[in-house]
Amino acid sequence: MVRYNFEQPEEDRNRWREVVDKIQDKGIALWFIFGKPQPGINEEHVEKVLREVVEYSAKKHVPVTLYPHSLCYFFSAEQALPMVKKINNPNLKLAVHLCHEMRAGNAYRMDEVVNNVRDYISFVTLAGADKDVDMTTPGTMDRSTIQPVDQAEYDPSGFLKSLKKIMTFILALDVFT
């Protein structure tokens, strides 16, 4: 996983190249997070950086997973989807993290989220959570959305059913291709 922080010096921002070089041809995906939005950083800049990452990584046989993360430039899978579609490269997919989707306000519409991004999902994470996210501070956000699954208030069964539904569909497609 590499986090690209816009405010860091260029050498630090481009550390992703070293990571890609180390994991090339090993069947490991690069998880890529854009850091917090910064003044002057726009969609064109982000697209340019992401295209460079995706194209370089493809040459090294490293798939790229865009990791939407709360409080960052891309904070949910649906919010990142237009950029992934715009880049339109089979080497670029999305991660769906229940905790970050909850923080983006998507706790009770995960079926819709999963269906909207279904063709672009590469990884999914699940954590236990409270029924309501405490957005007071980053710490309270973590405590309310990153818990053991079996000790949490939030029922993830809808999310899991949505994933099962799209996985069944994808597996059925694979049988016929």
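Structure: above.
Attention in this report is confined to the structure presented alongside it.

### So, the packing of aromatic side chains
Under the definition given, this model contains 13 aromatic pairs. Pairing tryptophan 31 with tyrosine 67 gives two aromatic rings, centres 5.4 Å apart and planes at 80 degrees, and the pair type is edge-to-face. Linking tryptophan 31 in strand β2 (residues 30-34) with tyrosine 67 in the loop between β3 (64-66) and α4 (77-87), this pair joins segments that are 36 residues apart in sequence. Each member of the pair tryptophan 31 and tyrosine 67 is classed as buried. When the ring of phenylalanine 32 is compared with that of phenylalanine 34, the centres are 5.1 Å apart and the planes differ by 80 degrees; the resulting orientation is edge-to-face. In terms of burial, phenylalanine 32 and phenylalanine 34 fall into one category: buried. One aromatic cluster in this structure is built from Tyr4, Phe6, Phe32, Phe34, Tyr73 and Phe74. Against the face of tyrosine 56 rests arginine 17, its NZ or CZ located 4.7 Å from the ring centre.

### Observations regarding the packing of helix α3 (residues 43-59) against α4
Relative to each other, α3 and α4 sit at 55 degrees, their axes nearing to 11 Å. The orientation of α3 relative to α4 falls into the category oblique. Our pair here, α3 against α4, has a crossing hand that is right-handed. Only Met83, Lys86 and Ile87 of α4 make contact with α3, whose side of the interface consists of Glu43, Val46, Glu47, Leu50 and Arg51. A per-class count over the contact of α3 with α4 returns four nonpolar, no polar and four charged.

### Some points on helix α2 (residues 16-23)
Restricting attention to buried positions, one finds in α2 the residues Trp16, Val19, Val20 and Ile23. The arc enclosing the buried residues of α2, seen along the axis, measures out at 100 degrees, which places them on a common side. Next to the buried residues of α2 lie β1 (2-4), α1 (10-13), β2 and α3. Positive phi shows up at aspartate 25, right after α2, with a value of about 60 degrees.

### Remarks on the nonpolar core
Within the largest apolar cluster, 42 residues are counted, with the highest numbers of intra-cluster contacts made by Leu30, Phe32, Phe34, Leu50 and Leu66. Ignoring any residue separated from it by four or fewer positions in sequence, one finds leucine 66 in contact with Phe32, Phe34, Leu50, Phe74, Ala80, Val84, Leu92, Lys93, Leu94 and Ala95. If you look at the next biggest cluster of nonpolar residues, it comprises five residues, including Trp31, Ile33, Tyr67 and Cys72.

### Observations regarding α3
In this model α3 runs 24 Å from its N-terminal to its C-terminal C-alpha over 17 residues, within 8% of the 24 Å that 1.5 Å per residue would give. Listed as buried for α3 are Val46, Glu47, Val49, Leu50, Val53, Val54, Tyr56 and Ser57. Its side-chain oxygen at 3.2 Å from the backbone nitrogen of glutamate 44, asparagine 42 defines the N-terminal cap of α3. Phi for histidine 61, located one or two positions after α3, is positive at around 60 degrees.

So, how was this worked out
Residues numbered from 1 in each chain as written. Predicted model: local features only at pLDDT ≥ 70, side-chain atom pairs only at ≥ 80, totals over all residues. Heavy atoms only, no water. Phe/Tyr/Trp six-rings, centres within 6.5 Å; stacked < 30°, edge-to-face > 60°. Helix = DSSP H or I, 4+ residues; strand = E, 2+ residues; numbered from the N terminus. Buried < 20%, exposed > 50% of the residue type's maximum accessible area, 1.4 Å probe, protein only. Lys NZ or Arg CZ within 6 Å of the ring centre and 35° of its normal. Axes fitted to C-alpha atoms, helices over the stretch in contact; angles between N-to-C directions. Parallel < 35°, antiparallel > 145°, perpendicular 65-115°, else oblique. Left-handed = near helix turned anticlockwise from the far one by under 90°. Contact = heavy atoms within 4.5 Å. Nonpolar A, V, L, I, M, F, W, Y, C, P; charged D, E, K, R; others polar. Arc of directions from axis to C-beta. Core = buried A, V, L, I, M, F, W, Y, C linked by side-chain atoms within 4.5 Å. Expected span 1.5 Å × (residues − 1). Polar contact = N/O pair within 3.5 Å; in protein donor to acceptor, adjacent residues only side chain to side chain.

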